[in-house]
Every structure is written in C-alpha cells, then in structure tokens.
Amino acid sequence: MDSERPTVIVTRKLPEVVETRLRELFDAKLNLDDKPFSRDELIEAVKTAHVLVSTVTDKIDRSVLSQAGPNLKLIAQFGTGVDNIDLETARNRSILVTNTPGVLTEDTADMTMALILAVPRRLAEGSHLLKSEGDWAGWSPTWMLGHRIFGKRLGIVGMGRIGQAVARRARAFGLQVHYHNRRRVAPEVEQELGATYWDSLDQMLARMDIISVNCPHTPATYHLLSARRLALLKPSAYIVNTARGEVIDENALARMIENNEIAGAALDVFEHEPAVNPRLLKSDNVVVLPHMGSATIEGRIDMGEKVIINIKTFLDGHSPPDRVHPAMF
C-alpha cells in the first residue's frame, strides 16, 4: 500500500519516464501542472514528506526548513546547483541533500559553445532581422559583419567538469584557452586542454577576448564579476554566462552594454530569474536564452535516474552517491 511506502513529493513536472518510475517505487506526489511551489506549499511539503525532490526554482531557506516534519530526512535536488537550499540549516536538522552532478556537463558545454559563437557572429541579430522584417536585399560584402573567434583568447571562470568540457570544444574551434579557478587543475589536464592558468582573476579578465562563466553560485562567487572587475574587460570583449546569474553584477553589465564599454554578452541565466533585466533585452549586442543550457531530453532523464538512485540508496540505509556537503559549495 502507498501508506507503507515513503512519501516523495516532487516540486516540478519531470519527464514521464522518471515520474512513472518514482510512482512505481515510492508514494510519489507529482506536480502535474508544473506550477512552481509557493512558499506555503513548500512548507506543507517539508512537513509531510519523507523525501523532497526539489529544483532550482524552490527557495528552501531556513524559514522553510525550520518547519520540516520529523520524517523529512532527504532533499534530492533535481539539478547540479544547490544554491537554492540552505545547506547549513539542512545539516543542523540532520537532513541530507543530494544533487545530480556530471550528467549535464556535455549539454551545458554545448550551449556555452553555441553562445560563444552567437554574439561575435551576430547569429541572433541575423535571424531576428529576417523573421521580423522579412525584407532582405541579399548578400553584401559589408553587411552584418561580425568577428571570427579563431585565434581569440577565451578566459574560463571555473575549471570544473563543465569548464573543462568547454575548453575541449573551444580548442577545437581554434581558441586559446585560459582559466581561473580556486584551485589549479592537474598539469596533465592543463596539457590536454592547452590551458593557461591565471592565479589573478583580474589579470586574466583584462587580457581576454571572450569570458565564459562556468563556476557555481556560492556566497564566495556572488557578484564575482563585480562592476570593478567588469570594467577591466577590453571594450572588444564578450561575456558568456551559462552558470548562475548571481555571479555577475547584472546592472553593471547592462550599463556597460549601453555605454559600448563591452562588445556584447550571451546569457542563459539571470540574477533575478525568472525576471530578466529589461536593459539587457533592448540591446542587439546581447543574446538571451531562458535557462536552456541543460535542457535536453537525454539530460533530464539522466538527472531523474540519479535522483532515483540517491533516494533508493538512502532509503536502503546507505550513503547516497551524490551527497552534498556544505563545504563543497
């Protein structure tokens, strides 16, 4: 009977194959209309669930966790980032948190590479022109000129799994790879990627043609690219962000775009999602996407499988393979 099985509350709609498996294994309460949980709904969920399957859209802060019922022992995040969860409070209340690392690496790196191409080559501008105006006079030697990326310097902020996957793609496109990371990667990885390490983020930013943000959002990386650091970029530089919007001071970036102090930006994430800064939307030099970096069917199913493995392993009395420790973020 369902009453004898652990209650698993899922906060967003997941791929059908994942939801079906959750229903087979647990007393799973699904979110069929995919409407994000309100704060009151989250509180009710943590009061009654044995396991909460959350996503980045759920703000699970101290005020929510303080009302968790005695049965809640696991938050199985459907996603890699866990900046929406108060990990310290979860730990203090003996609630484990898991995530789904690794399975989104290639999808996010693909999208990053697409955006690295999109702004210098003015892809979105060209598409918009044809679709909105529909009056194209034909090819011209001086029309819609962009910039080649071959031979340019790419500075990667955050050389984890995704950063390294971006570097591999970038090298194939003829970009010179540079990176800043809180820890230098192994020499053999640097050699494989042909990557140059910068201990100083400031010095790297000032020398790059393209910046790719691939680090997680943590208290230490909030506005890592501050107004002061953004001002170090060359006027000809581009910035790409497929990580988290909070890493960049969005107002400062918008101001620089408006004043032609930077060549352009390609953003898949935003500081105040789902709100998007209207100043960024107005610029032809900015490509914006609705947080699609990991949005592949294959990736979402892989994420769901990881969530299920984490839940089953935990309920079987073992440590889940993707347990998150506060010190990691």
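Anything mentioned here points back to the structure above.
Thresholds, definitions, all that
- Residues numbered from 1 in each chain as written.
- Predicted model: local features only at pLDDT ≥ 70, side-chain atom pairs only at ≥ 80, totals over all residues.
- Heavy atoms only, no water.
- Buried < 20%, exposed > 50% of the residue type's maximum accessible area, 1.4 Å probe, protein only.
- Helix = DSSP H or I, 4+ residues; strand = E, 2+ residues; numbered from the N terminus.
- Contact = heavy atoms within 4.5 Å.
- Polar contact = N/O pair within 3.5 Å; in protein donor to acceptor, adjacent residues only side chain to side chain.
- Right-handed = clockwise from strand over helix to strand, strands pointing away.
- Salt bridge = Lys/Arg side-chain N within 4 Å of Asp/Glu carboxyl O.

**Q** So what's going on with helix 11 (residues 250-258)? Residues and values would help.
**A** Those residues of helix 11 lying buried are Glu-250, Ala-252, Leu-253, Ala-254, Met-256 and Ile-257. Taken together, the buried residues of helix 11 touch helix 10 (227-230), strand 10 (238-241), strand 11 (264-267), helix 12 (278-281) and strand 12 (286-288). Two or three places before Asn-251, at the opening of helix 11, Asp-249 has a side-chain oxygen 3.3 Å from that residue's backbone nitrogen. Following helix 11 by one or two positions, Asn-260 has its phi on the positive side, about 55°.

**Q** I'd like a rundown of the pairing of strand 10, residues and numbers included.
**A** Alternating positions in strand 10 separate into two faces, Tyr-238 and Val-240 on one and Ile-239 and Asn-241 on the other, with burial throughout. Note that the unit made of strand 10, helix 11 and strand 11 has a crossover that is right-handed.

**Q** Quick rundown of unusual backbone geometry? Include the residues and the values.
**A** The omega torsion of the bond from Glu-273 to Pro-274 falls at 5°, within 30 degrees of zero and hence cis. One can find Pro-274 in the loop between strand 11 and helix 12. Backbone geometry at Met-144 places phi at a positive 55°, although glycine is not the residue there. Phi is positive for Asn-260, close to 55°, though the residue is something other than glycine. When its relative accessible area of 57% is taken as the criterion, Asn-260 is described as exposed.

**Q** An account of the side chain of Thr-7 is requested, with residue identities and associated values reported.
**A** Examined against the element boundaries, Thr-7 turns out to sit in strand 1 (residues 7-10). With near-sequence residues (within four places) excluded, Thr-7 lies in contact with Asp-27, Lys-29, Thr-48, Ala-49, His-50 and Val-51.

**Q** So, the pattern of salt bridges: which residues are in play, and what are the values?
**A** The final tally for this structure, using the stated rule, is 16 salt bridges. Put simply, Arg-12 and Asp-34 hold a salt bridge, and the shortest N to O gap is 3.0 Å. Here the residue Arg-12 occupies a position in the loop between strand 1 and helix 1 (16-25), and Asp-34 occupies one in the loop between strand 2 (27-29) and helix 2 (39-48), the gap between them amounting to 22 residues. Accessibility expressed as a relative area gives 16% for Arg-12, which makes it buried. Measuring nitrogen to oxygen at the nearest pair gives 2.8 Å for the salt bridge that ties Asp-110 to Arg-169. With a gap of 59 residues between them, Asp-110 in helix 5 (residues 105-118) and Arg-169 in helix 7 (residues 161-172) connect regions that are remote in the sequence. Beyond isolated ion pairs, a larger network of salt bridges with shared partners links Glu-106, Asp-110 and Arg-169.

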